[in-house]
Amino acid sequence: MADNANLTRTKLRDLDILDRAFPETDLDKFPDTPHDAFQSCKRCPDARILSLKRLDERGWHFTIQGDGPKAQQIAGNENVALTFYWPPVGRQIRLRGKATQLSEEECTRDFLEQPLNSRIAAVASKQSQVLESRGELLCCVANVKSAIAEGKHLAKLEWRVYVVTPSSVEFWQRSNDRLHQRLRFTAGSNSNAWVKELLWP
Ligand SMILES: Cc1cc2nc3c(=O)[nH]c(=O)nc-3n(C[C@H](O)[C@H](O)[C@H](O)COP(=O)(O)O)c2cc1C
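Residues numbered from 1 in each chain as written. Predicted model: local features only at pLDDT ≥ 70, side-chain atom pairs only at ≥ 80, totals over all residues. Heavy atoms only, no water.

Identification of the protein as pyridoxal 5'-phosphate synthase from Phialocephala subalpina is taken from an unreviewed UniProt entry. Taken from UniProt, the Cofactor (unreviewed entry) comment for the protein reads in full: "FMN". (UniProt positions renumbered as here; feature names shortened; annotations may be inferred.)

As structure tokens, then:
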């Protein structure tokens, strides 16, 4: 009996539950109340629809505002997941990977390529902050338009383009007989090598 107890104790002690990378924690930046501090530790996932900007050899690009919740969340955890779905062809694509901000130069170039209305809306907006009334927004838009009329240069310092470098990409194809097809690409240790595997539906 005593031997068994010792064995169990040794096994428990040897479990590698603490043998992994833990998040950096800056206690100076902790919220002022234990309630908020607890909430901030829960790291609840969030989700929203974003437009896919482009796809190149670096990965999948999207654009967000650098002073909003999305950028804050990525700053806290660069791991992201993307889901695409085309209902007419019954196809889903899921990605897991890391999001990295592109250079200031590329972000600025992307902003300048936007249609005028998009640039005005971006400059006028304090995205996701509480808006007192629709009038407040229209007033900010009018101010931006007046500034343009006076010849001011339209710049949005917080316009951010991110690229997601995937660690895995899965294609799912619906099939009428319900034997759906799934193909997963997993990044190998060499960045150009992908492990391709079929998955059960
Ligand atoms: C079709 C569609 C495309 C969207 N594209 C973007 C986008 O490219 N960038 C963006 O910041 N928000 C986009 N949004 C709005 C976001 O889903 C989200 O509501 C907004 O960015 C605020 O999110 P947050 O408060 O979680 O940061 C899009 C919404 C829809 C429905």
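That shown, we press on.
Draft legend 1. Examining the site of the ligand more closely. Arg48, Ile49, Leu50, Ser51, Thr63, Ile64, Pro69, Lys70, Gln127 and Ser128 make up every residue found near the ligand. Between the ligand and the protein, one listed contact pairs an oxygen atom with a backbone N or O atom of Ile49 at 2.6 Å. The contact in question runs from an oxygen atom of the ligand to an N or O atom on the side chain of Ser128, over 2.4 Å. Surface burial for the ligand is 58%, taken as the share of its 620 Å² of free accessible area covered by protein chains. (Near = heavy atom within 4 Å. Polar contact = N/O pair within 3.5 Å; in protein donor to acceptor, adjacent residues only side chain to side chain. Areas by Shrake-Rupley, 256 points an atom, 1.4 Å probe, with all protein chains shown as cover.)

Draft legend 2. View of the UniProt feature "domain: Pyridoxamine 5'-phosphate oxidase N-terminal" (unreviewed entry) in the protein. Following the UniProt record, the feature "domain: Pyridoxamine 5'-phosphate oxidase N-terminal" (unreviewed entry) maps to residues 45-136 here. In residues 45-136, helix accounts for 32% and strand for 32%; the two terminal C-alpha atoms are 31 Å from one another. (Helix = DSSP H or I, 4+ residues; strand = E, 2+ residues; numbered from the N terminus.)

Draft legend 3. Region of interest: the packing of aromatic side chains. Going through the model one piece at a time under the given rule, you end up with four aromatic pairs. Judged by centre distance (6.4 Å) and plane angle (20°), the ring pair of Phe84 and Trp86 falls under stacked. With a centroid separation of 5.9 Å and an interplanar angle of 70°, the aromatic rings of Phe171 and Phe185 are classed as edge-to-face. Of the two residues, Phe171 is situated in strand E5 (residues 159-173) and Phe185 in strand E6 (residues 181-187); the sequence distance between them amounts to 14 residues. (Phe/Tyr/Trp six-rings, centres within 6.5 Å; stacked < 30°, edge-to-face > 60°.)

Draft legend 4. Representation of unusual backbone geometry within the structure. Here the phi dihedral of Ser128 falls at roughly 75°; this positive angle occurs in a residue that is not glycine. With respect to the helices and strands, the residue Ser128 is situated in the loop between helix H5 (116-124) and helix H6 (134-149). Relative accessible area serves as the criterion here: at 56%, Ser128 is assigned to the exposed category. A positive phi angle is found at Arg178, which is not glycine, with a value near 70°. (Buried < 20%, exposed > 50% of the residue type's maximum accessible area, 1.4 Å probe, protein only.)

Draft legend 5. The arrangement of the packing of H5 against H6 in detail. H6 packs onto H5 with a crossing angle of 120° between their chain directions and a minimal axis gap of 9 Å. In terms of their interaxial angle, H5 and H6 are classed as oblique. Considering only the axes of H5 and H6, their crossing is right-handed. Within the contact between the two elements, H5 uses Leu116, Ile120, Val123 and Ala124 and H6 uses Cys140, Val141, Val144, Lys145 and Ile148. Along the lines of polarity and charge, the residues of the contact of H5 with H6 split into eight nonpolar, no polar and one charged. (Axes fitted to C-alpha atoms, helices over the stretch in contact; angles between N-to-C directions. Parallel < 35°, antiparallel > 145°, perpendicular 65-115°, else oblique. Left-handed = near helix turned anticlockwise from the far one by under 90°. Contact = heavy atoms within 4.5 Å. Nonpolar A, V, L, I, M, F, W, Y, C, P; charged D, E, K, R; others polar.)

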